[in-house]
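Below, each chain spelled out in residue letters.
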Amino acid sequence: MRLLDADPDQGLMLLEKVMPGVTLDAVGQEEEQTRAAVEVLGRLRRTNSASALFPTVADWFEGLGRMREHFHGGTGPLPEKLVELAEAWSAKLISTIREPRLLHGDLHHGNILSAAREPWLAIDPKGVIGETEYECIAYLRNHLPKGDEQDTLRRRVEHLVKGLDVQRDRVLAWGLSHSILSAWWHLGENTEGWEDAVRQAEWFELLLKHT
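Since this is a predicted model, take the numbers as computed values, not measurements.

Cut-off values and rules
- Residues numbered from 1 in each chain as written.
- Predicted model: local features only at pLDDT ≥ 70, side-chain atom pairs only at ≥ 80, totals over all residues.
- Heavy atoms only, no water.
- Helix = DSSP H or I, 4+ residues; strand = E, 2+ residues; numbered from the N terminus.
- Expected span 1.5 Å × (residues − 1).
- Buried < 20%, exposed > 50% of the residue type's maximum accessible area, 1.4 Å probe, protein only.
- Patch = residues over 30% accessible without salt bridge, like charges linked within 9 Å, V, L, I, M, F, W, Y side chains within 5 Å.
- Areas by Shrake-Rupley, 256 points an atom, 1.4 Å probe, with all protein chains shown as cover.
- Salt bridge = Lys/Arg side-chain N within 4 Å of Asp/Glu carboxyl O.
- Core = buried A, V, L, I, M, F, W, Y, C linked by side-chain atoms within 4.5 Å.
- Phe/Tyr/Trp six-rings, centres within 6.5 Å; stacked < 30°, edge-to-face > 60°.
- Pairing = 2+ DSSP bridges.
- Polar contact = N/O pair within 3.5 Å; in protein donor to acceptor, adjacent residues only side chain to side chain.
- Contact = heavy atoms within 4.5 Å.
- Arc of directions from axis to C-beta.

S.K.: Which residues make up helix H8 (residues 168–188), and what are the values?
M.R.: With 21 residues, H8 should cover 30 Å at 1.5 Å per step; its first-to-last C-alpha distance of 30 Å lies within 8% of that length. Burial of H8 is extensive: 16 of the 21 residues sit out of reach of the surface. Positioned one or two residues after H8, asparagine 190 has a phi angle of 55 degrees, which is positive.

The following block contains the structure:
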């Protein structure tokens, strides 16, 4: 989605209207949706560079430290092994990002809309500095079909890794780490979903073991 005009002093923006604006989850089958996601992810990667105006993934992952403080050094209901893996992997990944760039930050099915200017456009960016492997995670974790979650996740990973030419182990490690961070966000905000996030972290761990 394009910014057409803005008045920063007034806090106003004029944005492109996306038409017909059907969300990706409502169109086609799983493979068709994933191909569309790859196309949008690839287009965003070509156009975005890093900017000091936005938070970094390192800033976001400070949440794991706040989780430890909240649970007095422990992990609360979160599995200690998975938390330790998330802490170790996120620190390693953050320190080895080679091409930091501005990411959408929340590119799931509901934020990819059918359009006229392009087949699909992204809306509602959060804005965070990271790498393309991290950008994949929101799509991978969302709208997993009940009863086929693990296999669908595995297939999505393979499609995105191949289509975007990114590192599979980094995608999986980011997936595990972000799932635990997401679980903490749910706990910290007292909302439902932390158990699902932990379950997804377990799936990413299994895939990592077979990398």
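S.K.: Help me get a handle on a nonpolar patch on the surface, residues and values and all.
M.R.: On the surface, Met1, Leu3, Met13 and Leu15 cluster together into a nonpolar patch covering about 400 Å² of accessible area. Secondary-structure assignment places leucine 3 in strand E1 (residues 3–7).

S.K.: Provide a residue-level description of the nonpolar core, including the pertinent values.
M.R.: Core analysis: the largest hydrophobic core is formed by 50 residues, its most contacted members being Leu140, Leu153 and Leu160. Counting residues in hydrophobic clusters, the runner-up holds five residues, among them Val18, Ala115, Leu121 and Ile123.

S.K.: Residue-level account of the packing of aromatic side chains, with values.
M.R.: Following the criterion strictly, the structure yields six aromatic pairs and no others. Ring centres of tryptophan 60 and tyrosine 134 lie 6.3 Å apart, and the angle between their planes is 65 degrees; on these two criteria the pair is classed as edge-to-face. Of this pair, tryptophan 60 sits in helix H2 (residues 57–60) while tyrosine 134 sits in helix H5 (residues 132–135), placing them 74 residues apart in sequence. As far as the burial class goes, tryptophan 60 and tyrosine 134 line up, both buried. When the ring of phenylalanine 71 is compared with that of tryptophan 184, the centres are 6.0 Å apart and the planes differ by 70 degrees; the resulting orientation is edge-to-face.

S.K.: Any details on the pairing of strand E2 (residues 12–15)? Residues and values, ideally.
M.R.: Examined bridge by bridge, E1 and E2 share four bridges and lie antiparallel to one another. Residue pairing in the sheet places alanine 6 in a bridge with methionine 13 of E2. Counting the residues between successive antiparallel strands, the hairpin from E1 to E2 contains four residues, one of them, glycine 11, with a positive phi of roughly 70 degrees.

S.K.: Could you give an account of the side chain of glutamine 33, with specific residues and numbers?
M.R.: Mapping glutamine 33 onto the fold places it in helix H1 (residues 30–47). A polar atom in the side chain of glutamine 33 sits 3.1 Å from the backbone oxygen of valine 27. Not counting residues within four places of it along the chain, the set of residues in contact with glutamine 33 comprises Leu24, Asp25, Val27, Gly28, His109 and Tyr139.

S.K.: Tell me what's going on with the environment of proline 20, and back it up with residues and numbers.
M.R.: Assignment of secondary structure puts proline 20 in the loop between E2 and H1. With a relative accessible area of 58%, proline 20 lands in the exposed category. Note: C-alpha distance between proline 20 and leucine 113 (93 residues apart in sequence) is 7.9 Å. Beyond its immediate stretch of four places on either side in the chain, proline 20 contacts Ser114 and Ala115.

S.K.: Outline the side chain of serine 90, supporting the account with residue identities and numerical values.
M.R.: Tracing the backbone through its elements, the reader meets serine 90 in helix H4 (residues 80–95). With near-sequence residues (within four places) excluded, serine 90 lies in contact with Phe61, Leu64 and Ser177.

S.K.: If you had to explain H4 to someone new, which residues and values would you point to?
M.R.: In this model, H4 (16 residues) spans 23 Å end to end at C-alpha, consistent with the 22 Å of a helix rising 1.5 Å per residue. Among the residues of H4, those classed as buried are Leu82, Val83, Ala86, Ser90 and Leu93. Around the axis of H4, the buried residues are gathered within 105 degrees of arc, so they sit on the same side. Where the residues of H4 are buried, they touch helix H3 (62–70), H8 and helix H9 (194–209).

S.K.: Explain the pattern of salt bridges to me, and be specific about the residues and the numbers.
M.R.: Applying the stated criterion to the full structure yields 13 salt bridges. Close ionic contact of glutamate 31 with arginine 35 constitutes a salt bridge, the shortest N to O distance being 3.9 Å. Highlighted residues: glutamate 31 and arginine 35, both in helix H1, separated by four residues, approximately one helical turn. Its relative accessible area of 48% is what places glutamate 31 among the partly exposed residues. You can call arginine 35 exposed: its relative accessible area is 54%. Among the salt bridges present, the one from glutamate 99 reaches arginine 101, with a minimum N-O distance of 3.5 Å. Since its relative accessible area comes to 14%, arginine 101 is described here as buried. Bridged by salt links that share partners, the residues Lys81, Glu205 and Lys209 form one connected network.

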